Structures are given as structure tokens and as C-alpha cells.
Amino acid sequence: MIYTLTLNPAIDMTVYINKLEKGQVNRSSFYMLDAGGKGINVSKVVKALGGETVALGFLGKENSDYILKYLKRFGIKNDFVFVDGFTRINVKIVETEASAYTDINQAGFEITEKDIQNLFDKLEEVPGKDDIFVISGSLPGNCDEEIYFEIIKKLKQKDVVVIFDADGNALKKGLEAAPDVIKPNIYEFKSLFDVDERDLNSLVLCARQLIFEKGVKMVLVSMGENGAVYVSKNTALFAKPVKTEVKSTTGAGDSMVAAIAFGIEKKMSEEEMFKFACACALAKVAQEGVRAPDKNSVQQCFEKIELERLG
Ligand SMILES: Nc1ncnc2c1ncn2[C@@H]1O[C@H](COP(=O)(O)OP(=O)(O)O)[C@@H](O)[C@H]1O
Ligand SMILES: O=P(O)(O)OC[C@H]1O[C@](O)(COP(=O)(O)O)[C@@H](O)[C@@H]1O
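What you see is a predicted model; the values in this text were computed from it and never measured. (Residues numbered from 1 in each chain as written. Chains lettered and ligands numbered in written order. Predicted model: local features only at pLDDT ≥ 70, side-chain atom pairs only at ≥ 80, totals over all residues. Heavy atoms only, no water.)

1. Describing the sheet that holds strand β12 (residues 228–231)
And then number 1: Pairing in this open sheet of ten strands is mixed, and the strands run β5-β4-β1-β8-β9-β10-β11-β12-β13-β14 from one edge to the other. If you trace the sheet from one side to the other, it starts and ends with β5 (77–83) and β14 (307–309), each paired once.
And then number 2: With seven bridges connecting them, strand β4 (residues 53–60) and β5 associate as parallel partners. Counterpart to Gly 57 in the pairing with β5 is Phe 80.
And then number 3: The strands that helix α2 (residues 64–73) touches are β4 and β5; relative to β5, the one it contacts most, it runs at about 175°.
And then number 4: Contacts from helix α4 (residues 147–157) reach β1 (2–6), β8 (132–136) and β9 (161–165), with the element oriented near 175° to β8. (Pairing = 2+ DSSP bridges. Helix = DSSP H or I, 4+ residues; strand = E, 2+ residues; numbered from the N terminus. Contact = heavy atoms within 4.5 Å. Axes fitted to C-alpha atoms, helices over the stretch in contact; angles between N-to-C directions.)

2. Examining the sheet that holds strand β7 (residues 100–104)
And then number 1: An order of β3-β2-β6-β7 is seen for the four strands of this open sheet, with the pairing classed as mixed. Looking at strand neighbours, the two that pair on one side only are β3 (30–36) and β7, the edges of this open sheet. For this sheet, the mean inter-axis angle between neighbouring strands, taken without regard to orientation, is 20°.
And then number 2: Of the strands in this sheet, β2 (10–17) and β3 touch α2, which is tilted by about 85° from β3.

3. What about the site of ligand 1?
And then number 1: What surrounds ligand 1 is a group of 16 residues, the closest being Lys 183, Asn 185, Ser 222, Gly 224 and Gly 253.
And then number 2: Asn 185 is positioned with one of its side-chain polar atoms (N or O) 2.9 Å from an oxygen atom of ligand 1.
And then number 3: Contact distances for ligand 1 include 3.1 Å between an oxygen atom and a backbone N or O atom of Gly 227.
And then number 4: For ligand 1, whose accessible area on its own is 560 Å², the fraction buried by protein is 82%.
And then number 5: Elements with a contribution of two residues or more to the shell around ligand 1: α8 (252–265) and α9 (270–285).
And then number 6: Of the residues that constitute the shell around ligand 1, the class distribution is eight nonpolar, six polar and two charged. (Near = heavy atom within 4 Å. Polar contact = N/O pair within 3.5 Å; in protein donor to acceptor, adjacent residues only side chain to side chain. Areas by Shrake-Rupley, 256 points an atom, 1.4 Å probe, with all protein chains shown as cover. Nonpolar A, V, L, I, M, F, W, Y, C, P; charged D, E, K, R; others polar.)

This is the structure we're talking about:
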């Protein structure tokens with residue numbers, strides 16, 4: 001089973017506009033609403049790929065209906081801890097003329113000690129040996145940045161495979177608990193290492209530092225339209241960029257994470273899994289809003305991904 005954890009979920013509003021004029025009244029041509037937040041997006045993609053998933057985390061009581069109905073529509077099981085307040089609404093602006101993608105992410109609700117206790121009680125009950133557990137996204141505004149460290153430590157004691165995707169201090173602290181897989185984008189990776197993204201061999205050396213010093217097993221660095229790099233103890237691969245029509249970049253990283261979780265569960269080889277992750281992301285960017293790509297388009301994209309061996 002693939003569990004996902006979203007401590008700071010979101011309702012994503014993707015707004016399509018020809019050109020955004022600062023300080024003016026802008027009129028959008030089209031918008032889409034989606035249940036989002038990194039872990040929830042991962043569950044959406046795992047389900048679309050044909051996998052079984054349960055979405056866990058916090059959900060604001062005031063507008064939980066929208067997310068629960070959305071997940072029901074796509075058949076995604078969930079078991080959230082309901083907290084006071086609203087789940088945040090994040091705005092994604094797609095400027096079609098300039099192909100510019102701007103995200104405005106809110107801080108989100110605040111949580112209490114009791115909410116955290118309820119969450120840890122659920123984590124005690126659910127995942128077991130060999131389950132895959134994806135921990136992703138930012139933390140509620142008042143949440144202690146140590147929380148991911150505590151959760152990962154707990155899960156690793158149960159022999160759960162942990163995939164971790166966060167940024168800032170939450171990422172740095174979480175790394176100390178040795179997650180099995182991380183998927184930083186290049187900006188998140190550069191917050192850990194002073195590295196030039198054009199120098200792929202240095203990137204591999206930095207990723208190996210996380211492998212040998214922190215105990216991480218796989219590092220996948222996504223680089224937006226510039227492709228991605230995969231590093232494990234014995235393998236280093238570069239996925240060359242693929243040009244495509246982009247309708248929304250939101251959720252591209254989450255699609256990669258979903259594919260990795262699915263690939264681990266299906267015991268894919270490293271190469272196949274990495275190619276599959278890139279294919280999933282490529283198929284996602286061709287989707288409007290924050291919708292999961294379908295299996296057929298992922299399969300078609302798979303044929304377009306070219307890998308090159310590094311160092
Ligand atoms: N403009 C794009 N064109 C083609 N592929 C893209 C584009 N943006 C993202 N991708 C694909 O999605 C992956 C994840 O995107 P990235 O922006 O790095 O992650 P995140 O969403 O986590 O910030 C990239 O490695 C690439 O495979
Ligand atoms: O928790 P954060 O870091 O604020 O990110 C939340 C946002 O990230 C997303 O999960 C998309 O993430 P990616 O584009 O990195 O895949 C959105 O659904 C959501 O609005």
C-alpha cells in the first residue's frame with residue numbers, strides 16, 4: 001500500500017490569463033479547482049496509474065467537503081485528522097502569452113498539540129512492514145520543523161519505505177532521520193549544496209554525500225524543463241529534457257514522486273523507475289490544472305525519455 005501524508009493540504013485554483021497586468025483589473029479566461037497539496041497529488045497520480053493508496057494528514061474542518069468529494073470522485077481512500085479552520089486556497093497563475101507559471105501558496109491553518117497527537121495515533125495504527133509512505137510538502141504555519149524528523153524515525157522503526165519531499169529547514173531536519181528516497185527540485189537541492197546545476201557530475205557527488213553521510217538510498221533531483229538526475233549508491237542517470245506543450249507545471253514534481261512510489265512497489269529496475277517518473281511528470285505538464293495524467297499518456301511519454309549514464 002502507498003500511504004501519503006499531507007500536513008498542509010490545499011485547494012489549488014489554476015487561473016488561465018493571457019497576460020497578467022500588475023496593478024490592473026485582470027480577467028481570467030478560464031480557471032480550474034483541484035484538491036491539492038503534495039501528498040494528495042501523489043495519491044491522485046498513484047490511483048490514476050492503477051495503484052492502491054490512502055491519503056493521510058490534516059484537513060481544515062471548514063471546507064473539508066470540497067476535498068473529500070473530490071477524492072471520492074476519483075476513488076481515493078483517505079483518513080485525515082480534521083483540524084479547526086480552512087484548508088488553504090493556493091493560486092496558480094498560468095500566463096498563456098509568455099508561458100509563465102506563477103504560484104501563490106498560503107501559509108495554511110494552525111494546528112494544536114491534540115491534532116498532532118491524533119496524527120501520531122493514526123501513524124501508529126496504519127503503515128506496516130514494506131508499505132511505502134510518502135511525506136510531502138510544507139508544514140502548517142505553527143508546526144515544529146522537527147515533526148518530519150519524528151515521523152520518519154517512527155516509520156523507519158516499522159520497516160516502512162519512506163519517500164520524502166520537502167524544502168527549507170523541514171527538509172534539512174527530516175534528512176537526519178534517513179528517509180529512503182528524496183526528490184528535491186533543483187532550488188531545494190541548492191539550499192543543501194552550493195552547486196552549479198549545469199555541472200551534473202558535481203550534482204552527483206553532492207547527492208552521493210547524502211547517500212553516504214545521511215543514509216538516503218535514492219536521490220532524484222528534478223530540474224523543471226531541464227530534465228532530471230537520479231543517483232543511488234551505484235547508479236547515476238540523467239534524463240534529457242523533452243520539449244512539450246505545457247498547460248500547467250503544478251504537480252509535476254508530485255507526479256514524479258508518485259511514479260517512484262509505484263515503481264518501488266512494483267519492483268521496477270532503477271532505470272525503468274526513473275524513466276517512468278520522468279514520463280509521469282512529462283504527461284502531467286500537458287494536463288490543465290492539477291489533474292493526474294492518465295496511464296496511456298504516461299506510456300506514450302515513456303518512449304520519449306532518453307537516459308544518459310553519469311559519473
Ligand atoms: N516546462 C517543462 N517541460 C517539460 N517537462 C517539465 C517542465 N516542467 C517540469 N517538467 C518535468 O517535471 C519534472 C518536475 O518538475 P520540477 O519543476 O523540477 O519539480 P517541482 O514541481 O517539484 O518543482 C521535471 O524534472 C521534468 O521532468
Ligand atoms: O506545501 P507547499 O510547499 O506549499 O506546496 C503546495 C503546492 O504544491 C503542489 O502540491 C504542487 O507541487 P509540485 O508542483 O511541486 O508538484 C500544489 O498542489 C500545492 O498548491
